[in-house]
Amino acid sequence: MTTTETRPRRTAPSPASSSVFLALSKAGFRGFVRDKATLFFTFLFPLMFLVIFGLIFGGAGASKTKIGVVGEGAVIPALERSDAVELTRFDTAQEAEAQVKAGDLPAYVQQDGDTVTLRFAASDQTQAGLVNGLVSGVVNQANIAATGQAPAFTLDTSQVEDESLKPIQYMAPGIISWAVSIGAVFGAALTFVSWRKKQVLRRLRLAPVQPVAVLGSRVLVSLGVAVVQFCLFVGVALLPMFGLRLSGQWWLALPLLLLGTLSFFSIGMLVGAFCKTEEAASGVANLITLPMAFLSGAFLPLDNIPPWLQTVSWAFPMRHLNEGMLDVMVRGQGVDALLVPAMVLIAFTAVVGFIAAKVFRWED
Amino acid sequence: MTTSTALAVTDIHMSYGDLRAVDGVSFEVAEGEFFGILGPNGAGKTTTLEIAEGLREPDSGTVRLLGEAPWPRNLALLPKIGVQLQASAFFEKLTAREQLETFGALYGVTSARVDEMLELVGLSDKASTPEAKLSGGQRQRLSIACALVHDPDIVFLDEPTAALDPQARRNLWDVLREVQARGKTIVYTTHYLDEAEVLCDRVAIMDRGRILAMDAPARLVRDLEAATRVILERGALAPDLARALPGADQVAQDEVSLTISTRTPAPLLAALAEHGTLDGLQVRTATLEDVFLELTGREYRA
Ligand SMILES: Nc1ncnc2c1ncn2[C@@H]1O[C@H](COP(=O)(O)OP(=O)(O)OP(=O)(O)O)[C@@H](O)[C@H]1O
Ligand SMILES: [Mg+2]
């Protein structure tokens, strides 16, 4: 800007990239919060899933397995204290057995002196397994207690056992990463397509702005949205109704989530570079986010899928994000657990972002 | 310095496949000049303008804009040029004021300037209206304000007066004259030949990718040596009588009027005054439309 001394009045020199960046970010945030459809799909829609799944798979109260108890003895109060099951008292074993047979209860426990009997309905194997494990654990503890000795090994199982009973523990991190992927993939793709279609990109090209400021401002919007999503969904899941319990360093999930957002954003950029219309872009974005969410175990655990599909699932950034978030949010792990997911997410963003930048077009 | 060249376009060519959108266009625009590019749809006006702005690379030919090459993207040049694209480009969901603020911020412009611009294009009362809810003409005016917000030295406007009502069009003329009065160079395209005659220092008439003629509008019209037409109400004068008047070259009559063509209007008008037939009389001199007709053999169709 030094070649213009011949002109009597100069226009302002190119402004600092930071102020351009801020102005564009402000415009981006304003556009975001004023678009009702976008708000719905980034917040309300995933929230509906969280609520529906949360209710279907049971909140704090409902998630506790109900078992019937008959008789007296040390095991029954111990079961009650374990806080993992809800007990229903029966006067006779026949009554309890009738309920189990009818499928109203998964199992009942009868203590008669030193004999503890567990009768369960094998029709629901998961429940049966759970109850089996639980009751034998309690019985073992009671056995040790009865010897009057301090146990040789102390195992604090109650916490983990209790948490693992609740699907919300698994679902909350998954739904958060799915929601964030919707926000970032759609956000990036639709913005670039609509900016290209409406000639905003051409107009920006004629202004003294660095492409990185334009891109950065949109990234900032996506990161901001991701933070709000995280707070909102964690907040809702923590409600007693859903009963999420966070473990120690749960907040470590946030930085990982931001890395995940970047990787989703790079996918969105790629979609935005290829699609010509908003309709096409949102179709493709849907086609990517939903299968990715399922294959990354955002809704349901992947334990039962074929091994090859397991392998495939590691190709998705969301899988790594999910694992990392689960580790720190509910499995009680620390920052070490984030190392690998973080590196994978950074690498993914770099590669896909690079490709997106290569195929980027200012206009059709 | 007032005579130095703001824009020099030399022999640019641009083809889209087989279509020669711009086929050897050259022109120069002096600093402070108001230059118009006229022509029918598809003439190549937008393409020419976009090449001059540095939005497109020509297949061949050169452009010097304020002494520099606008292509490839020249960051140092951009603050000095203001562009209104033919399709208005706005951010989503922002109000008129916010659009201007955002575009202004790209150039480091303060918000006081934003108010000034809203005032200039008559949108002060629409400042907090979302851009999507503006009328076509209001949006057009906002788009022009966005092009002028950083006080550029040279302004490119692609059909700024399209979609404006007559009042808004005239207001915009005032705005553009004001901009020119501040020493800015304006390059603009239009379909309105009458408007170009009023506003432009010089015009280039384009058709099918070529410039057919380029000069001051008045000179183009004069060089045409087209007849002046004097139009009277039918019945004011008998056609035979009219033919006998001094300077009358041709006389035609239709249901409503009698038209006398002349190359020497002064004696003809004097003679008409003698006959006392000046009531309701109209004089039509040749316009750029006639120039266009003459150059292309086609009626001008906007
Ligand atoms: N991106 C493009 N791809 C293919 N052809 C194009 C493209 N842009 C313009 N053309 C063609 O080039 C020719 C000139 O177009 P241009 O937009 O320059 O005309 P114009 O004079 O601005 O017309 P109008 O008055 O309608 O705005 C037209 O025939 C048009 O179809
Ligand atoms: Mg055009």
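By the naming in an unreviewed UniProt entry, chain B is ABC transporter ATP-binding protein, taken from Prauserella cavernicola. Turning to chain B, the UniProt record has this under Sequence similarities (unreviewed entry): "Belongs to the ABC transporter superfamily." Under Subcellular location (unreviewed entry), UniProt gives the following word-for-word description of chain B: "Cell membrane".

Per an unreviewed UniProt entry, chain A goes by ABC transporter permease and derives from Prauserella cavernicola. For the record of chain A, the UniProt heading Subcellular location (unreviewed entry) holds the text "Membrane".

S.K.: Hey, could you run me through the confidence of the model for chain B in this one?
M.R.: In regions of low pLDDT, the predicted coordinates are not meant to be interpreted in detail. Summarising the model, chain B shows a mean pLDDT of 89, and 97% of its residues fall at 70 or more. The complex model carries a pTM of 0.77, and its ipTM stands at 0.82.

S.K.: I'm lost on the UniProt feature "domain: ABC transporter" (unreviewed entry) in chain B in this one. Help?
M.R.: Per the UniProt annotation, the sites labelled "domain: ABC transporter" (unreviewed entry) are residues 7–233 of chain B. Secondary structure content for residues 7–233 of chain B is 33% helix and 29% strand, and the end C-alpha separation is 48 Å.

S.K.: Would you mind showing me how to read the site of ligand 1 here?
M.R.: Residue and element names in this part refer to chain B. Lining the immediate environment of ligand 1, one finds 14 residues, of which Asn41, Lys45, Thr46, Thr47 and His191 sit closest. Take Thr46: an N or O atom from its side chain is 2.5 Å from an oxygen atom of ligand 1. A distance of 2.8 Å separates an oxygen atom of ligand 1 from a polar side-chain atom of His191. Bound to the protein, ligand 1 loses 65% of the 640 Å² it would expose on its own. Of all the secondary-structure elements, those providing two or more residues to the shell around ligand 1 are strand 2 (19–30) and helix 1 (45–53). The element contributing the most residues to the shell around ligand 1 is helix 1, with 3 residues.

S.K.: What is the right way to look at the coordination of the magnesium ion (ligand 2) in this model?
M.R.: Four donors placed tetrahedrally around a metal ideally meet at 109.5 degrees, and six donors placed octahedrally ideally meet at 90 or 180 degrees. The coordination sphere of the magnesium ion (ligand 2) contains the protein donors Thr46 of chain B (OG1) and Gln86 of chain B (OE1), at a distance range of 1.8 to 2.2 Å. In this pair, Thr46 of chain B is assigned in helix 1 and Gln86 of chain B in the loop between strand 5 (81–84) and helix 2 (96–106), connecting sequence segments 40 residues apart.

S.K.: It is not clear to me how the pattern of salt bridges should be interpreted in this structure. Could you clarify?
M.R.: Two side chains bearing opposite charge may form a pair once their charged atoms approach each other closely. Here the structure, examined in full by the defined rule, presents 26 salt bridges over all chains. The salt bridge involving Arg34 of chain A is made with Glu98 of chain B; its shortest N-O contact spans 2.7 Å. One end of the pair, Arg34 of chain A, is in the loop between helix 1 (17–33) and helix 2 (36–56); the other, Glu98 of chain B, is in helix 2, on a second chain. The residue Glu116 of chain B makes a salt bridge to Arg113 of chain B at a minimum N-O spacing of 3.0 Å. With a gap of 3 residues between them, Glu116 of chain B and Arg113 of chain B both fall in helix 3 (residues 111–120), about one helical turn apart. When its relative accessible area of 43% is taken as the criterion, Glu116 of chain B is described as partly exposed. For Arg113 of chain B, a relative accessible area of 13% translates into the label buried. Bridged by salt links that share partners, the residues Asp151, Asp153, Glu178, Arg182 and Lys184 of chain B form one connected network.

Reading guide: rules and limits
Residues numbered from 1 in each chain as written. Chains lettered and ligands numbered in written order. Predicted model: local features only at pLDDT ≥ 70, side-chain atom pairs only at ≥ 80, totals over all residues. Heavy atoms only, no water. UniProt positions renumbered as here; feature names shortened; annotations may be inferred. pLDDT = per-residue confidence, 0-100. Helix = DSSP H or I, 4+ residues; strand = E, 2+ residues; numbered from the N terminus. Near = heavy atom within 4 Å. Polar contact = N/O pair within 3.5 Å; in protein donor to acceptor, adjacent residues only side chain to side chain. Areas by Shrake-Rupley, 256 points an atom, 1.4 Å probe, with all protein chains shown as cover. Donors = N, O, S within 2.8 Å, 3.2 Å for Na, K, Ca; no water. Salt bridge = Lys/Arg side-chain N within 4 Å of Asp/Glu carboxyl O. Buried < 20%, exposed > 50% of the residue type's maximum accessible area, 1.4 Å probe, protein only.

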